[in-house]
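Observations on the model geometry
So the chains spell out like this:
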There are 4 protein chains.
Amino acid sequence: MAGTSETRTRPGRAALLTAARRTFSSKGYDGASIRDIAQEAGLSLSALYYYFPSKQDALLELICSTFDDFLGSAHAILQESGEDARSQLDALIRFIVRFRIANREGSRVLLRETERLDPERLEIARARQIASNELIKGVVLRGVEQGHFRTPYPEEAVRAVVSFCNSLPLWYREDGRLSPAQLEERYTHFAFRLLEAEPETSCRPGAASPGAVRT
Amino acid sequence: MAGTSETRTRPGRAALLTAARRTFSSKGYDGASIRDIAQEAGLSLSALYYYFPSKQDALLELICSTFDDFLGSAHAILQESGEDARSQLDALIRFIVRFRIANREGSRVLLRETERLDPERLEIARARQIASNELIKGVVLRGVEQGHFRTPYPEEAVRAVVSFCNSLPLWYREDGRLSPAQLEERYTHFAFRLLEAEPETSCRPGAASPGAVRT
Amino acid sequence: MAGTSETRTRPGRAALLTAARRTFSSKGYDGASIRDIAQEAGLSLSALYYYFPSKQDALLELICSTFDDFLGSAHAILQESGEDARSQLDALIRFIVRFRIANREGSRVLLRETERLDPERLEIARARQIASNELIKGVVLRGVEQGHFRTPYPEEAVRAVVSFCNSLPLWYREDGRLSPAQLEERYTHFAFRLLEAEPETSCRPGAASPGAVRT
Amino acid sequence: MAGTSETRTRPGRAALLTAARRTFSSKGYDGASIRDIAQEAGLSLSALYYYFPSKQDALLELICSTFDDFLGSAHAILQESGEDARSQLDALIRFIVRFRIANREGSRVLLRETERLDPERLEIARARQIASNELIKGVVLRGVEQGHFRTPYPEEAVRAVVSFCNSLPLWYREDGRLSPAQLEERYTHFAFRLLEAEPETSCRPGAASPGAVRT
DNA sequence: TATGAATGAGAGTTCATTCAT
DNA sequence: TATGAATGAACTCTCATTCAT
């Protein structure tokens, strides 16, 4: 949703964001120069300053828009997946896996370069980071309350689950051994095991939802 | 014991390595300037170039020595922990947790800045990275063969376990809620759950070994 | 006329080249810093890097453009000076003297700093150096074949003649005892003596052509 | 003479001078670093400062000792070669050719790097440079007075002769086409032609003096 | 007679950024 | 909607030099 009209009306801006995403992702924020980005976008050096006040602002925009895409879709998915924390977790993990794979570069930037924001901008991004974490934490804690997840360490378990999901953009390759759908399968499996979901109903009944990533 | 004699005989070099570790860890390789490092070490800018041919070489030394410390201790620990893959995994996870906590900054550099090495140096570090990954993979796969770990996805499970262990240096704080010993406990617990260790003997019988980190 | 449009359209670049010429000429390539050059040009340090990829490239440009000016004019002059090797040599020596005096700084750079070019760039400059040497060698050898120059050592004689012509930029001063026209006279005289031009017609009939240097 | 006892008693100093000569000759004074020289000499960086107060002083020593070798031998040769300016010139040119070939590197440094000396030291070297120039100028002017050299431009002719002799170290190679003895022959020939020595006795009667260079 | 350790100054180069057009 | 020209600050790295040993 985000950026649609913008993409149509301001192709330069979109090209720069895409270029910044790719460049920050591969070289890191500090290792990527404005020149690198402009060249990747096929624009001039000064073009970036027409669309963004500064390099920091480009990074902030990138991070926030990625967070917003993530949060928007995640909320929608949770609302569609019923009351049971197990089905919610199932849907959520599957979405995270899809998102981290489809938005690999954006996720890398978000996960590794957020701390390069200056304090003022960091605060803005941090709010979304927290919202994002609370989302999954909420689901798990509800599942624990409901008695569906029996792990004795819910807080740390959440962190562990999030950790292995977030490691996806660091190693995933399109030409790899496993398809996104297979990875969805495995990562939900791992999450349920780690949270010690109750055996009989632990595995979500339905099949994998290999649908396109919601963005 | 690595670096003992060096620390005594070449204090400048050791100070620089410590400063580089701290600075690379907090600012990233590209965000850390030689001046930052020298200042942190209390030496002049040029001192770094007396001991290291280049910034890249300082990074490589840092990464390799951290890998070597890790690998050296990990091998020793595996040899001391019997034949059973379960006790080996228990010892290994506990060691990794201790190591990632005790060598938080070195681990951050190793985990996040290795890819900043130029191709030639990257190859040198990559060899250790592979050795390190094979170590834990070996234990898990043996456990699967022995029938102790029943996960249907051993390869990906290893990655997941490694991922959540490696996330420790990203958030751990000395003034945090949990002690290293408690974290050892939780992370081994998670690992065994995720690998679906057989129930009756799954949890290692003995208590946590809160001993100092072996390095 | 080289550089006219460039001079008009890119005054910064022209100012930098002039400054580089003067600075390399007086301090040598290695003794001249980028800061020296920029200051001489009245521009900032970084301006040089807007117009030239590197200090080496500025040197290369300087050397090649001087060579090209020299070769362009020299060819034109040879074509205007008839078939007789004696009149050709006369015109050529007179031109060289004028050129070395008028382009004193460029010539100093070309003659003394070419060997500071890195191998790759050296090759580019060397091609022009060879062309330049072949030009005068051709005239002399033709004169020897025609029987006009009777030196028993034509090859070395060429080198000697070129040597004393090229020494001009090392000592010539505008406030010196001799005018460029007088120097033309003497150096052609020397060249004809050294090559042992046949007596009766040895001295070129016409008067010295004190015209401006062709460039 | 020079350096004999010194060479025996202070091998480090001699090694450094040789290394400095070679390095300054190939890279130029400003292009040669103290490290380059020390490495070439197989000594440590600081060794140079044990023997020489500074890089400038090493250059001065090199230039002066080369000048002194040259002047000492040249004076001796002039005294042995009779009263006739022609035989004196013959002997002198032959010596210069031999010296420039045998002391190729020292000559290159002397001829091209003297101007890198700071004002104070430049004065010291300049005195020898002038003495050196006066030497050959004296011979030529005497020859002109005696009526043996009939060039109408004695002053400039001297410069021309010196120029082509001094160009020797710039191109001479041991594996070249011509032997030192042959070059002696040609360069004296050129000098006599250029100075317009009287025909009948112009060529020095005796054979070439193939003796080793006097140093 | 030499060297290892260290440094301040300065090298070439790149940086993010500005501004007139 | 963009860009070419330019810059000050900072970068990595090398320099000549010093000094305790």
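About the criteria used
Residues numbered from 1 in each chain as written. Chains lettered and ligands numbered in written order. Predicted model: local features only at pLDDT ≥ 70, side-chain atom pairs only at ≥ 80, totals over all residues. Heavy atoms only, no water. Helix = DSSP H or I, 4+ residues; strand = E, 2+ residues; numbered from the N terminus. Buried < 20%, exposed > 50% of the residue type's maximum accessible area, 1.4 Å probe, protein only. Contact = heavy atoms within 4.5 Å. Areas by Shrake-Rupley, 256 points an atom, 1.4 Å probe, with all protein chains shown as cover. Least-squares fit on C-alpha atoms with pLDDT ≥ 70 in both. Buried area = accessible area lost by both parts, 1.4 Å probe. Salt bridge = Lys/Arg side-chain N within 4 Å of Asp/Glu carboxyl O. Nonpolar A, V, L, I, M, F, W, Y, C, P; charged D, E, K, R; others polar. Axes fitted to C-alpha atoms, helices over the stretch in contact; angles between N-to-C directions. Parallel < 35°, antiparallel > 145°, perpendicular 65-115°, else oblique. Left-handed = near helix turned anticlockwise from the far one by under 90°. Near = heavy atom within 4 Å. Polar contact = N/O pair within 3.5 Å; in protein donor to acceptor, adjacent residues only side chain to side chain. UniProt positions renumbered as here; feature names shortened; annotations may be inferred. Expected span 1.5 Å × (residues − 1). Bend = angle between axes of the 7 residues up to and from the residue. Phe/Tyr/Trp six-rings, centres within 6.5 Å; stacked < 30°, edge-to-face > 60°.

1. Focus on the overall build of chain A
Each helix and strand counted, chain A has 11 helices and zero strands in total. Helices and strands appear in chain A in the N-to-C order α-α-α-α-α-α-α-α-α-α-α. Buried residues in chain A amount to 51% of all 215 residues. Considering only residue pairs separated by 6 or more positions, chain A has 72% of its internal contacts joining residues 24 or more positions apart. Summed over its atoms, the accessible surface of chain A is roughly 10000 Å², and 50% of this surface lies on carbon and sulfur atoms.

2. Regarding the relation of the copies chain B and chain A
Screw-axis analysis of chain B against chain A gives a translation of 0.0 Å along the axis, an RMSD of 0.1 Å, and a rotation angle of 180 degrees. Taken together, the rotation angle and the small translation identify this as a two-fold axis. In this assembly, 100% of the residues forming the interface of chain B have copies in chain A that are likewise at the interface, indicating an isologous arrangement.

3. Quick look at the interface of chain B and chain A
For interface size, the figure often reported is the accessible area lost on association. If you look at the interface, chain B gives 31 residues, while chain A gives 32 residues. For the pair chain B and chain A, the summed buried area comes to about 2700 Å², and 54% of that belongs to carbon and sulfur atoms. When the buried area of chain B at its contact with chain A is split by residue, Tyr153, Glu156 and Phe190 of chain B rank highest and sum to 22% of it. At the boundary of chain B and chain A, one finds 10 salt bridges. Residue Arg112 of chain B is joined to Glu115 of chain A by a salt bridge in which the shortest nitrogen-to-oxygen separation is 3.1 Å. Those elements giving two or more residues to the side of chain B that touches chain A turn out to be helix H2 (11-27), helix H7 (104-113), helix H9 (154-166) and helix H11 (180-194) of chain B. In terms of residue count, H9 of chain B provides more of the side of chain B that touches chain A than any other element does, seven residues in total. Broken down by class, the residue content of the side of chain B that touches chain A amounts to 10 nonpolar, seven polar and 14 charged.

4. As for the packing of helix H6 (residues 85-102) of chain C against helix H8 (residues 119-145) of chain C
Relative placement of two packed helices is described by the angle separating their axes and the distance separating the axes. Residues and elements named next belong to chain C. At a closest axis distance of 9 Å, the pairing of H6 and H8 adopts a crossing angle of 150 degrees. Between H6 and H8, the crossing angle belongs to the class labelled roughly antiparallel. The chirality of how H6 crosses H8 is left-handed. Contact residues: H6 offers Ala85, Gln88, Leu89, Leu92, Ile93 and Ile96, while H8 offers Leu135, Ile136, Val139, Val140, Arg142 and Gly143. Of the residues that constitute the contact of H6 with H8, the class distribution is nine nonpolar, two polar and one charged.

5. Topic: the relation of the copies chain D and chain C
The relation between the two copies of this chain is a rotation about an axis and a shift parallel to it. Rotating chain D by 180 degrees about the axis while translating it 0.1 Å along that axis superimposes it on chain C, leaving an RMSD of 0.1 Å. A shared interface surface links the copies, since 97% of the contact residues of chain D are contact residues in chain C too.

6. A closer look at the protein's contact with DNA strand E
With respect to spatial proximity, 30 residues lie near DNA strand E, and among them Tyr50 and Tyr51 of chain B, Tyr49 of chain C together with Ser46 and Tyr51 of chain D are the closest. Contacts to DNA strand E include Arg35 of chain A, whose side-chain N or O atom sits 3.3 Å from a base nitrogen. Backbone polar atom of Ala32 of chain C to a phosphate oxygen of DNA strand E: 3.3 Å apart, as the coordinates give it. Within the residue set of the surface near DNA strand E, elements represented by two or more residues are helix H3 (34-41) of chain A, helix H4 (47-51) of chain B, helix H3 (34-41) of chain C together with helix H4 (47-51) of chain D. The residue inventory of the surface near DNA strand E, partitioned by class, reads 16 nonpolar, 10 polar and four charged.

7. Re the UniProt feature "DNA-binding region" (unreviewed entry) in chain A
Residues annotated in UniProt with the feature "DNA-binding region" (unreviewed entry) correspond here to residues 33-52 of chain A. Annotated as residues 33-52 of chain A, this span is 65% helix and 0% strand, and its ends, taken at the C-alpha atoms, are 14 Å apart.

8. Topic: helix H8 (residues 119-145) of chain B
Residues and elements named next belong to chain B. Helix length check: H8, at 27 residues, gives a terminal C-alpha distance of 37 Å against a target of 39 Å (1.5 Å per residue), a fit within 8%. Residue Ala125 marks the point of greatest curvature in H8, where the axis turns by about 25 degrees. Within H8 the residues assigned to the buried category are Arg121, Leu122, Ala125, Ser132, Leu135, Ile136, Val139, Val140 and Gly143. Looking at the buried residues of H8, the elements they touch are helix H5 (55-80), helix H6 (85-102) and H9.

9. Concerning the packing of helix H5 (residues 55-80) of chain D against helix H6 (residues 85-102) of chain D
Residue and element names in this part refer to chain D. Contact geometry for H5 and H6: axes closest at 10 Å, N-to-C directions at 150 degrees. Comparing their axes, H6 and H5 come out roughly antiparallel. Note that H5 runs across H6; the crossing there is right-handed. Counted together, Thr66, Asp69, Phe70, Ser73, Ala74, Ile77 and Leu78 of H5 and Gln88, Ala91, Leu92, Phe95, Ile96, Arg98, Phe99 and Arg100 of H6 form the full contact between these two elements.

10. A closer look at the pattern of salt bridges
In this structure the tally under the stated criterion is 78 salt bridges over all chains. In this structure, Asp57 of chain A engages Arg121 of chain A in a salt bridge whose closest nitrogen and oxygen atoms are separated by 2.8 Å. Taken together, the positions of Asp57 of chain A in helix H5 (residues 55-80) and Arg121 of chain A in helix H8 (residues 119-145) put the pair 64 residues apart, joining distant regions of the chain. A relative accessible area of 18% means that Arg121 of chain A is categorised as buried. Here Glu184 of chain B and Arg94 of chain B are joined by a salt bridge, their closest N and O atoms 3.2 Å apart. Placement of Glu184 of chain B in helix H11 and of Arg94 of chain B in helix H6 is noted, with a sequence separation of 90 residues between them. Take Glu184 of chain B: its relative accessible area is 2%, and that puts it in the buried class. Exposure remark for Arg94 of chain B: the relative accessible area of 3% places this residue in the buried category. Residues participating in the shared-partner salt-bridge network are Asp90, Arg94, Arg98, Glu184 and Glu185 of chain A.

11. Quick look at the protein's contact with DNA strand F
Around DNA strand F there are 31 residues in total, and Ser46 and Tyr51 of chain A, Arg35 and Tyr49 of chain B together with Tyr51 of chain C lie nearest to it. When the atoms of DNA strand F within 4 Å of the protein are sorted by group, sugar and phosphate make up 57%. Note that a base oxygen of DNA strand F is positioned 2.4 Å from one of the side-chain N or O atoms of Ser46 of chain A. The separation between a phosphate oxygen of DNA strand F and a polar side-chain atom of Tyr49 of chain B is 2.5 Å. For the surface near DNA strand F, the elements supplying multiple residues, two or more each, are helix H4 (47-51) of chain A, helix H3 (34-41) of chain B, helix H4 (47-51) of chain C together with helix H3 (34-41) of chain D.

12. A word on unusual backbone geometry
Residues and elements named next belong to chain A. Positioned with a positive phi, Glu196 is a non-glycine residue whose angle comes to about 55 degrees. In this fold, Glu196 is placed in the segment after helix H11 (180-194). Given the relative accessible area of 11%, Glu196 is considered buried.

13. Some remarks on the packing of aromatic side chains
Residues and elements named next belong to chain A. Evaluation of the coordinates by the stated rule reveals 40 aromatic pairs over all chains. Relative to Phe99, the ring of Phe95 lies with its centre 5.7 Å away and its plane at 50 degrees, an arrangement referred to as tilted. Of the two residues, Phe95 and Phe99 are both situated in helix H6 (residues 85-102); the distance of four residues between them amounts to about one turn of the helix. When the centroid spacing of 6.0 Å and the interplanar angle of 55 degrees are considered together, the rings of Tyr187 and Phe190 count as tilted.

14. Points about the interface of chain D and chain C
Between chain D and chain C, the residue contacts involve 32 residues of the former and 31 residues of the latter. A combined buried area of about 2800 Å² lies between chain D and chain C, and 54% of that area is made up of carbon and sulfur atoms. Broken down residue by residue, the surface that chain D buries against chain C is led by Tyr153, Glu156 and Phe190 of chain D, which jointly contribute 22%. Along the contact surface separating chain D from chain C lie 10 salt bridges. A salt bridge links Glu115 of chain D to Arg108 of chain C; the shortest N-O distance between them is 3.2 Å. Of the residues forming the side of chain D that touches chain C, the biggest block, seven residues, is contributed by helix H9 (residues 154-166) of chain D. Here the residues of the side of chain D that touches chain C sort into 10 nonpolar, seven polar and 15 charged.

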